[in-house]
Amino acid sequence: MTLTVHFEPLPDLAVLAPRWQALEAASDASFFLGWTWMGSWLGSTGARPELMSVREGARDVALALVGRSMERRKFGSVPTLHLNEAGEARADRAFIEYNGLLVAAKEREAASRAVMSALLARKDWRALKLSGMAPGDPLLFQGTVRRRVLRDVSPVYYIDLNAVRAAGGDYLSLLSANSRSQIRRSFKDHGEAQISQATDSAQIDAWLTDMARLNRGRHADNAWDDEGFRAFARTIALNGLPTGDVELLRVDCGGALTGYLLNFVWRGRAMNYQSAFVEPAGPKSKPGLMCHAAAARRNAELGHAEYSLLAGKDRYKQSLATNQEELQWWTMERFSPTLELEALARKLIRRTRNPHNATS
């Protein structure tokens, strides 16, 4: 198989969509590499990364987007490429996970080699950022670079819904005694959960507006305060509604609003992307835990394999989960005086903190 890699300006989205969707159907891609995510992100943010295609003749073997930035680092700015991100903070607030190439599994290794070879032939970058990658993705190990820097590792906590069904639907029985007690007590105080799903654009608009209201002021850097992020959330909810890839849920307990969940549903896996909850009525009130517990039961009944809480180190995610995996954030660095100074500084800091374990 002879593969060629092509870089071109982003085509009109109406032209790119069928090409992307055709390859998506032949791949085992994550939701974040599918057109519902990509088309919504490009359409709502106005991001215009390059299109990178790997071809065998006229056939697309792999597709990805490549953003560019001059990224500020400790000792200066560095020309940087970003896989499936724009390289611009506001556009990238959507926060991609399970990143990589859109490619069929049997061709991933060959496509990864071709991509890194083509990227290394370019002279317009010193750093390449690969965000939200699954450990072991072949793209992480191709080619010769100055250094590979693991910037972050995040757990992905999830609930095994096959185990929930094996427990007769009693999800809470799979949790620790403390988590089980907290959730049961909260349901006892508030009443059992009822879940409804948004079915049209008017309902989506109203519920997303309420999600923004409930999230206001809860975080120092709140995505819901950003108009661009709210536009993305609306776009992806609307685009995923006809196919069922995205669902916006409202959870009521005892007849009163408890919270909202914006979930992705993809190939047997439900994933909670965003949430909003009412203020706890007291110290033993757990609206967030109740909403996720109700959603886990619902998805078990629907026959899905997992209910994922996606990447994040939050304690509540760990308390709800029965299993976990991880995602990684990498930077591939080429030689650059700026990056050499930064690497030296990191080494000196490690020596200072761990003088007996530092290596040269």
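Our subject is the structure that appears above.
Residues numbered from 1 in each chain as written. Predicted model: local features only at pLDDT ≥ 70, side-chain atom pairs only at ≥ 80, totals over all residues. Heavy atoms only, no water.

**Student:** For this particular structure, what's the right way to read the pairing of strand β11 (residues 269-277)?
**Tutor:** A large share of β11 lies buried, amounting to nine of its nine residues. The sheet contact formed by strand β10 (residues 256-266) and β11 spans eight bridges and is antiparallel. Its bridge partner lying in β11, N263 is registered against N272. Hairpin connection, β10 to β11: the antiparallel pair is bridged by two residues, and R267 has positive phi, about 50°. Pairing of β11 with strand β12 (residues 306-311), which is carried by three bridges, proceeds in the parallel orientation. The residue bridging R269 from the neighbouring strand is E306, located in β12. You can see the chain leave β11, run along helix α8 (residues 287-301) and come back into β12, and the turn it takes is right-handed. (Buried < 20%, exposed > 50% of the residue type's maximum accessible area, 1.4 Å probe, protein only. Helix = DSSP H or I, 4+ residues; strand = E, 2+ residues; numbered from the N terminus. Pairing = 2+ DSSP bridges. Right-handed = clockwise from strand over helix to strand, strands pointing away.)

**Student:** Whenever I open this one, the pattern of salt bridges confuses me. Can you help?
**Tutor:** Should the charged atoms of two oppositely charged side chains come close, the side chains can pair. One pass over the full model with this rule turns up 30 salt bridges. R19 is paired through a salt bridge with E8; the nearest N and O atoms lie 4.0 Å apart. With R19 in helix α1 (residues 13-26) and E8 in strand β1 (residues 4-8), the pair connects residues that are 11 residues apart, well separated along the chain. Ionic pairing is found between R146 and E340, a salt bridge with its closest N-O pair at 3.0 Å. Remark: E340 occurs in helix α10 (residues 337-353) and R146 occurs in the loop between β6 (127-133) and β7 (147-160); sequence separation between them is 194 residues. Here R146 falls in the partly exposed class, since its relative accessible area comes to 49%. Take E340: its relative accessible area is 19%, and that puts it in the buried class. (Salt bridge = Lys/Arg side-chain N within 4 Å of Asp/Glu carboxyl O.)

**Student:** Looking at this structure, I do not really get the environment of A311. What am I missing?
**Tutor:** By secondary structure assignment, the location of A311 is in strand β12. When the C-alpha atoms of A311 and R147 are compared, they prove to be 25 Å apart, with 164 residues separating the residues in sequence. Residue contacts for A311: discarding those within four places in its chain leaves E97, S154, P155, V156, K317, L327 and W329. (Contact = heavy atoms within 4.5 Å.)

**Student:** What should I look at first to understand the packing of helix α2 (residues 35-45) against helix α7 (residues 227-240) in this one?
**Tutor:** Put simply, α2 and α7 touch, their axes get as near as 9 Å, and they point 140° apart. Of the possible angle classes, the one that applies to α2 and α7 is oblique. In this structure, α2 crosses over α7, and the sense of that crossing is right-handed. When α2 is examined against α7, the residues T36, W37, S40, W41 and S44 are found in contact with a partner set consisting of A231, F232, T235, I236, N239 and G240. A class-by-class count of the residues in the contact of α2 with α7 yields five nonpolar, six polar and no charged. (Axes fitted to C-alpha atoms, helices over the stretch in contact; angles between N-to-C directions. Parallel < 35°, antiparallel > 145°, perpendicular 65-115°, else oblique. Left-handed = near helix turned anticlockwise from the far one by under 90°. Nonpolar A, V, L, I, M, F, W, Y, C, P; charged D, E, K, R; others polar.)

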